[in-house]
Structures are given as structure tokens and as C-alpha cells.
Amino acid sequence: MKSSLILLALTIAVTSPARADLTLPRISQNAIVTQSIGITDLTVKYSRPGVKNRPIWGALVPYDKPWRTGANDATNFITTDPISVAGKSLPAGTYALFTIPTAGEWTVIFSKQKDLWGAFDYDSTQDVLRIQATPTTVEAQEWMEFSFENLTPTSADLVLSWEKLRVAVPITVDVNAITLAKGRKELAASMSDDWRTRHRLAQFCYDQGIALDDASKWLDQSIAIRPAYSN
């Protein structure tokens, strides 16, 4: 009898459907925006709250307190290479993007706490970088949005727009240094008969006017391996 009960229990356990988490729409929906500067990718992952006829600044988003800069999980900022944010260095990596809004100047924070939900457990000792930014007034916008604006070959502004405020954070990338460093690594790992990589790196250096002695050497190597119209 006992063996029969054990067998019945095992049969029910095996045949019962596994519990699954139900996925439902979020009120503040997820969004991702990515911008390349040179060969560096900048990405913001966030959730977009709406105004919904509510007072926002100093109310829904309190002044002088850390804000997740969005809804749901803390907003994440990812850079594939070292960059400069408002003139300060930020290493490659994934960061939580917190802000501390005020009636005047804002504090923008890049934190190692990238897996937080909200900002309830925010710890300032985990900050990697803090910069100041001054918001400006714009036309009303219902859904919070991040964008990359004022793009140049080496820079862009990371812009937060919501309600009637716009906050811009200037980002610059040392495109030549990053490209040259990665090019040297690829060249070191290339096959001895790879004339194209040597030619392409030499061409980049000539176009940008950098590392010209090395570029001349790489071009000579490329021609020695395989003379072609391009080299």
C-alpha cells in the first residue's frame, strides 16, 4: 500500500504541468537606444514612464534624492570602450545611470550597481563617476526618452527628455586611439600572409595623420606579401 502511494505521488509530480511565470505588459515599457561613435557602441537600456497628467519634477520624481532615471529596473548605460563624459574619464563597462534632480543643476551618476530594481538600495560608495548637468525647458513630452544628439565623428550628447525638461550629457570618444590600439591587436593576431589588414590599418593612419612611421612599415609589408591596385 505504501509503495502504491509513493508511485502515485511520483506519477502526479511528473505529469503535472510546470509552473511558468506569466508575462504581462508593463505600464512603463522597455526601450533600448544605441549609437556608434567610431567603433565604440554606446547603449542605454531603460523603461519609459508617462506623464499621465501628473506633476513630475519635485513631486513624482522628488528633488534631492537618487532617481533610477526611468521606471522599473535601474536604467543601464553600456560603453564598449573608455569614453569621456563631460570631460571626465569613464572606463568601458555596464553602469546604472542614476540622477539626482534638483530645481537647478542635476547630478548624473554612473554606478556599479547595474542590477538594482529602482534606486531603493542605491549606495553612493559604488559610484564610478559623477558629473553635473543643467536642464533646459522644452516642449511637453509625454513619454520619457533617451536619445543621442549633436552627433560628430568623435562625440554626441546623451539626452534625457521628459515632461518639459531636457538634460544633455556630453560624451567624447578618442576614436583614433581606440581604433589604432584595436588595429594593432588584430594585426598581431593576423596570419603572416594577411596583406589586407596591414593595408587597411596603414590607410586609416594615413587618412587620420597618425602613427605615420608605423603606417609606412605596414604598407611596405602589405606590398611585399601581395602587390595589389589598392596598396
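First, a word on scope: everything that follows refers to the structure included in this document. (Residues numbered from 1 in each chain as written. Predicted model: local features only at pLDDT ≥ 70, side-chain atom pairs only at ≥ 80, totals over all residues. Heavy atoms only, no water.)

What follows is about the overall build of the protein chain. A tally of regular secondary structure across the protein chain gives four helices and ten strands. When the helices and strands of the protein chain are read in sequence order from the N terminus, they spell out α-β-β-β-β-β-β-β-β-β-β-α-α-α. Taken against the 2.2 N^0.38 rule, which gives 17 Å for 231 residues, the C-alpha radius of gyration of the protein chain at 26 Å runs more than 25% over that of a compact globule. Buried positions account for 41% of the 231 residues belonging to the protein chain. Pairs at least 24 apart in sequence give 54% of the contacts found in the protein chain among residues at least 6 apart. About 13700 Å² of surface is accessible on the protein chain, with carbon and sulfur atoms providing 54% of the total. Taking the 23 positively charged and 24 negatively charged side chains of the protein chain as two groups, their mean positions are separated by 7 Å. (Helix = DSSP H or I, 4+ residues; strand = E, 2+ residues; numbered from the N terminus. Rg over C-alpha atoms; globule rule 2.2 N^0.38 Å. Buried < 20%, exposed > 50% of the residue type's maximum accessible area, 1.4 Å probe, protein only. Contact = heavy atoms within 4.5 Å. Areas by Shrake-Rupley, 256 points an atom, 1.4 Å probe, with all protein chains shown as cover. Lys, Arg positive; Asp, Glu negative; His and termini not counted. Charge placed at Lys NZ, Arg CZ, Asp CG, Glu CD.)

Taken in spatial order, the six strands make up an open sheet running β1-β2-β3-β6-β7-β8, and their pairing is antiparallel. Whereas interior strands pair on both sides, the edge strands pair on one side only; in this sheet they are β1 (29-37) and β8 (127-133). Averaged over all neighbouring strand pairs, the angle between strand axes comes to 25°, with direction disregarded. Pairing of strand β3 (residues 76-79) with strand β6 (residues 93-100) involves four bridges; the strand directions are antiparallel. Of the residues in β6, the one forming a bridge with Thr79 is Gly93. (Pairing = 2+ DSSP bridges. Axes fitted to C-alpha atoms, helices over the stretch in contact; angles between N-to-C directions.)

Our focus in this paragraph is the environment of Ile171. Within the secondary structure, Ile171 sits in strand β10 (residues 155-172). By relative accessible area, Ile171 is classed as buried at 1%. Sequence-wise, Ile171 and Asp157 are 14 residues apart; in three dimensions their C-alpha atoms are separated by 5.8 Å. If sequence neighbours within four positions are ignored, Ile171 has contacts with Leu42, Phe77, Ile83, Ser84, Val85, Phe148, Thr154, Ser155, Ala156 and Leu158.

What follows concerns unusual backbone geometry. One non-glycine residue, Asn72, lies in positive phi territory at about 60°. Within the element layout of this structure, Asn72 appears in the loop between β2 (40-48) and β3. With relative accessibility at 17%, the residue Asn72 sits in the buried group.

This part is about the packing of helix α3 (residues 195-208) against helix α4 (residues 212-225). At a minimum axis separation of 8 Å, α3 and α4 run at an interaxial angle of 150°. The orientation of α3 relative to α4 falls into the category roughly antiparallel. As for how α3 packs across α4, the hand of that crossing is left-handed. Here α3 contributes Trp195, Arg198, His199, Leu201, Ala202, Cys205 and Tyr206 to the contact with α4, which in turn contributes Leu212, Ala215, Ser216, Trp218, Leu219, Gln221, Ser222 and Ile225. For the contact of α3 with α4, the class distribution of residues is ten nonpolar, four polar and one charged. (Parallel < 35°, antiparallel > 145°, perpendicular 65-115°, else oblique. Left-handed = near helix turned anticlockwise from the far one by under 90°. Nonpolar A, V, L, I, M, F, W, Y, C, P; charged D, E, K, R; others polar.)

What follows covers the environment of Arg184. Residue position: Arg184 is located in helix α2 (residues 175-189). With a relative accessible area of 35%, Arg184 lands in the partly exposed category. For Arg184 and Gln203, which are 19 residues apart along the polypeptide, the C-alpha to C-alpha distance reads 13 Å. Those residues in contact with Arg184 that sit more than four places away from it in its chain are Leu201, Ala211, Asp214 and Trp218.

Look at α2 against α3: their axes get within 10 Å of each other, and the N-to-C directions meet at 160°. Classed by the angle they form, the pair α2 and α3 counts as roughly antiparallel. In the crossing of α2 with α3, the sense of the turn from one axis to the other is left-handed. Of the residues in α3, those in contact with Asn176, Thr179, Leu180, Gly183, Arg184 and Leu187 of α2 are Thr197, Arg198, Leu201, Phe204, Cys205 and Gln208. For the contact of α2 with α3, a count of residues per class yields five nonpolar, five polar and two charged.

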